[in-house]
Structure formats: C-alpha cells, structure tokens
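Chain by chain, the residues:
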Amino acid sequence: MKKVLRYLVMTVMALCISLPCLNVEAASVALLPLINNVEGNTMANQVYYKEALKALKMKKGFVVVENDKLNAAIEAAHIVDDAPDQLTLARIAKDGGVDIVLCMELDDLETKAVRREGERDIQLDMEGEFVAYNNLTGTFYKHEFSSDKIVDASLTSRWDWKHEEFGRQVRREIDRALRVKK
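This structure is a prediction, so every number in the text was calculated from the model and none was measured.

Undergrad: What am I meant to see in the layout of surface pockets here?
TA: Rolled over the atoms, a probe with the dimensions of a water molecule shows which regions are left empty. Counted as a void, the largest pocket has a volume near 200 Å³. Lining the largest pocket we find Ala30, Leu31, Pro33, Tyr49, Leu53, Val64, Val65, Glu66, Leu70, Asn71 and Ile74. Elements with a minimum of two residues in the lining of the largest pocket: β1 (27–31), α2 (43–58) and α3 (68–77). Looking at the lining of the largest pocket element by element, the count peaks at three residues for α3. Residue composition of the lining of the largest pocket, grouped by class: nine nonpolar, one polar and one charged.

Undergrad: Can you walk me through the pattern of salt bridges in this structure?
TA: Pairing between side chains of opposite charge can happen when the charged atoms of each approach one another. Using the criterion set out here, one finds 11 salt bridges in the structure. Between aspartate 125 and lysine 112 there is a salt bridge, with the nearest N and O atoms lying 3.5 Å from each other. Of this pair, aspartate 125 sits in strand β5 (residues 119–134) while lysine 112 sits in strand β4 (residues 100–116), and the two are 13 residues apart along the sequence. On the basis of relative accessibility, which here comes to 13%, the residue aspartate 125 falls in the buried class. When the shortest N-O distance is used, the salt bridge between glutamate 165 and lysine 149 registers 3.0 Å. With glutamate 165 in helix α5 (residues 161–179) and lysine 149 in the loop between β6 (139–147) and β7 (150–152), this pair connects stretches of sequence that are 16 residues apart. According to the relative accessible area criterion, glutamate 165 is buried, its value standing at 8%. The exposure class of lysine 149 is partly exposed, given its relative accessible area of 35%. A network of salt bridges, in which partner residues are shared, links Lys50, Glu51, Lys54 and Arg171.

So, how was this worked out
Residues numbered from 1 in each chain as written. Predicted model: local features only at pLDDT ≥ 70, side-chain atom pairs only at ≥ 80, totals over all residues. Heavy atoms only, no water. 1 Å grid on protein atoms, 1.4 Å probe; cavity = no way out; pocket = protein on both sides within 12 Å on 5 of 7 lines; lining within 4 Å. Points joined across faces, edges and corners; volume = space filled by probe spheres on them. Helix = DSSP H or I, 4+ residues; strand = E, 2+ residues; numbered from the N terminus. Nonpolar A, V, L, I, M, F, W, Y, C, P; charged D, E, K, R; others polar. Salt bridge = Lys/Arg side-chain N within 4 Å of Asp/Glu carboxyl O. Buried < 20%, exposed > 50% of the residue type's maximum accessible area, 1.4 Å probe, protein only.

Have a look at this one:
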C-alpha cells in the first residue's frame, strides 16, 4: 500500500510540474517589406526576406504570420520611403493581430574601390534603419545602422560580398530587436 501511495504522489507531482509547460504559445511576428531606397538594387529585397526568415527560424518561440488581415493593415499604413514610427507599428500590430512587427529601411548599399599604396581594397557603404514594435510589452526598438568596412579586394572576388554583409546586418538587427526588454 505504501508503494502505491508513493507512485500516486509522484504522478501527481509530475503532472503539477509539467502543466505550466503545456500553456506555451509562440509569439506571432509580422515581417514588413523592405523599404529599399537604393536604386537598381532588387537583390537586397531577396536577401532581406531570406535572412530574416532564417533568423526567425533559428529563434525558438517565434512564428512568422502572413494573412489577409495583416496585409490590409500594412496597406492601410501607407509605408513608402521612411521607416514607420511607433504609433504606425502599434496600429499594424493591433489591426493585424500580431505580437511583434519588424521593419527595415535601406538607404545606401554600395561598394567602391579604395587604392592604397601597394594594396587594392574594397569599401562597403551601408546605411539604414531598423524598427520593431512588441505589442506584448509595448516596447519600441529603433536602431540606425551603418558600415564602412574595408577588406582586401581578393577576398570579395568569388561571391556577392556587399549582399552577404547586408544579410549579416539583417540577422544582427532581428536578433537585437527580439532581445529588447522593457
């Protein structure tokens, strides 16, 4: 009888400990289109979506949402050339029924040759802004980013280095935005 009572108590304790874990729900994320102010660079849009989705997939507890209600909220916001402000992102989150809204603006993305004595280098010019709004905590995140990284030209000859650096910046900004606390 003592063993049966012990197993019964252990079963009840195991259930009580695991019940809070059953209530976990992933935060819904709206990924707004890239505001691309760089003329002639359509590749940046593809890199933005690819890297953003990869970054969100690597984070646990986040799911990207896309539906008609969210698309209508984004269109109603009329986002054209500038990153939206906190009120606009809050309205998109509320009307679209999402927890987190992410948006990125790209103003400059180009490489140029830099000649030094005996060396041939490439300089990256990248500027933009990343904004995010967390509807669960009411937190607004805004970060202006820029880069003027210089590397040896021979290191960039086999791949699209400027878009790879832009993709790295997208992942970095999403990681920072999702770690912001109130």
